[in-house]
Amino acid sequence: MDDLDGGPKRGAPWKRMSKEELENQYSPSRWVVRLGAEEALRTYSQIGNEATKRAQATGRNLLDVPYGDGEGEKLDIYFPEAVSEALPFLMFFHGGYWQSGSKDSSAFMVSPLTAQGVAVVIVAYDIAPKGTLDQMVDQVTQSIVFVQKQYPGNQGIYLCGHSAGAHLAAMMLLANWTEHGVTPNLKGFFLVSGIYDLEPVMHTSENASLLTTLEVAQRNSPQWHLQTAPTQPVDPACRILVTVGQHDSPEFHRQSRELYQTLRRGGWKASFEELHDVDHFEILWNLTQKDYVLTQVGCIPSPWTECILL
Ligand SMILES: N[C@@H](CC(=O)c1ccccc1NC=O)C(=O)O
C-alpha cells in the first residue's frame, strides 16, 4: 500500500473498493436524498439556467469577454449596482466532471452577491474531450491573470468552484504566478464538494472522456502536490474554506477533509464546513438564495464572511 492518504498503515480506502463501489462513491447524483438521480441532474441544470437568465436580464454585465485566444476562453462579469473602482471579485468555476456544464448555466450566486457589492465572474473553460485537464488548469490560470490585469485596483479576488470546478480552483494553490507576469490579489478560496486527488477517478467510467493516466492524474492533483511539497500562500491572510454537503458520498467527504488537513499542516488559513442536510447539487441551489448562510457577505458568523471580508 502506498501512503497517498496520509500514511502507509492506513492506505487509501478507495483502493480496497470494488469497481462498483468506486463508481458509486464518485457518482454524486446517486447520493441525493430528496430526488432521483436523473431528476437531480435535470433540476441542477434548470436552476442554473434560470439563475443565469435572471442575472443577465437584470443588472450590469459584460458577457462573453475573451480572456484568451481560444474559442472557449470566455467569461461573463456581473457587476453590483453601486459602481466602484475597488470591487471584490468572486470568480466561479462550474463542475460537471470536467466534461459537462458551461458558464451559460452557472450564474448561481450572482444575484445575492452582486446585491452585496461583489462583482461575480463566471468562467468558461474547454471541457473534455476538447480540453485536457492540463489545458483546463491553464485556462483557469489565464482567466485569473486576465481579471487581475483588467481590474488591478480590485479589492481581492476570491475563487469559488464546485465539484470538478473546486478541483480547478484548488489547482491555483499551486500556480506559479511569476511565469504570468502578474500576481493576482487572491484573498480567498471557497471550495465546494470538490475532488482533489484524481487517481480514484481514473478507475471510474468518468475517465472515458478524460483519458487520464496516472502521471496526468498526479500532475493535476492538488492533494498529491500539497502533500508532497507544501506551498505557501503569497498573501498570508488568504483564507480557504473547504465545504462538503452532508449527503455527499464518504469518498467526497474524505477528499475534502484530507485537503483541509493537508492545507492546515502546510500553514494555510483553512477551515472546513460540512453543510447541514444538503447534497452535492442542493448546495449550489442554495447559493442562489439571499438568505442562505453561505451568501451572507457582511453578516457574522458566515463562511462567506470568513472567506470574503475578513
Ligand atoms: N455524472 C455525475 C454528474 C456530476 O458529477 C456533476 C454534474 C453536475 C455538476 C457537477 C457534477 N459533479 C462534479 O463535477 C453524477 O452522476 O452525478
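Residues numbered from 1 in each chain as written. Predicted model: local features only at pLDDT ≥ 70, side-chain atom pairs only at ≥ 80, totals over all residues. Heavy atoms only, no water.

> Mind showing me how you'd approach the sheet that holds strand S8 (residues 269–275) here?
Within a sheet, adjacent strands bond to each other through the backbone by hydrogen bonds, running parallel or antiparallel. Spatially, eight strands are ordered S1-S2-S4-S3-S5-S6-S7-S8 in an open sheet, and the strand pairing comes out mixed. Unpaired on one side and paired on the other, strand S1 (60–66) and S8 mark the two borders of the sheet. Within this sheet the neighbouring strands show an average axis-to-axis angle of 15 degrees, counted without direction. Where strand S3 (residues 89–93) lies against strand S5 (residues 157–162), five bridges are found, and the strand directions are parallel. From the neighbouring strand, Phe 93 faces S5, where its bridge partner is Gly 161. The sheet contacts of helix H4 (residues 133–150) involve S1, strand S2 (74–79), S3, strand S4 (119–123), S5 and strand S6 (186–192), and relative to S3 the element is tilted by about 165 degrees. Contacts from helix H9 (residues 250–265) reach S6, strand S7 (239–245) and S8, with the element oriented near 165 degrees to S7. (Pairing = 2+ DSSP bridges. Helix = DSSP H or I, 4+ residues; strand = E, 2+ residues; numbered from the N terminus. Axes fitted to C-alpha atoms, helices over the stretch in contact; angles between N-to-C directions. Contact = heavy atoms within 4.5 Å.)

> Is there a simple way to explain the site of the ligand in this structure?
Close contacts around the ligand come from 14 residues, with Ser 29, Gly 96, Tyr 97, Ser 163 and Glu 206 the closest. One nitrogen or oxygen atom from the side chain of Ser 29 is found 2.8 Å from an oxygen atom belonging to the ligand. One of the side-chain nitrogen or oxygen atoms of Ser 163 is found 2.7 Å away from an oxygen atom of the ligand. Out of a free accessible area of 400 Å², the ligand has 87% covered by protein chains. For the ligand, the cavity whose grid points lie within 2 Å of the majority of its atoms is the largest pocket. Across the shell around the ligand, the residue classes tally to six nonpolar, seven polar and one charged. (Near = heavy atom within 4 Å. Polar contact = N/O pair within 3.5 Å; in protein donor to acceptor, adjacent residues only side chain to side chain. Areas by Shrake-Rupley, 256 points an atom, 1.4 Å probe, with all protein chains shown as cover. 1 Å grid on protein atoms, 1.4 Å probe; cavity = no way out; pocket = protein on both sides within 12 Å on 5 of 7 lines; lining within 4 Å. Sits in = over half its atoms within 2 Å of the grid points. Nonpolar A, V, L, I, M, F, W, Y, C, P; charged D, E, K, R; others polar.)

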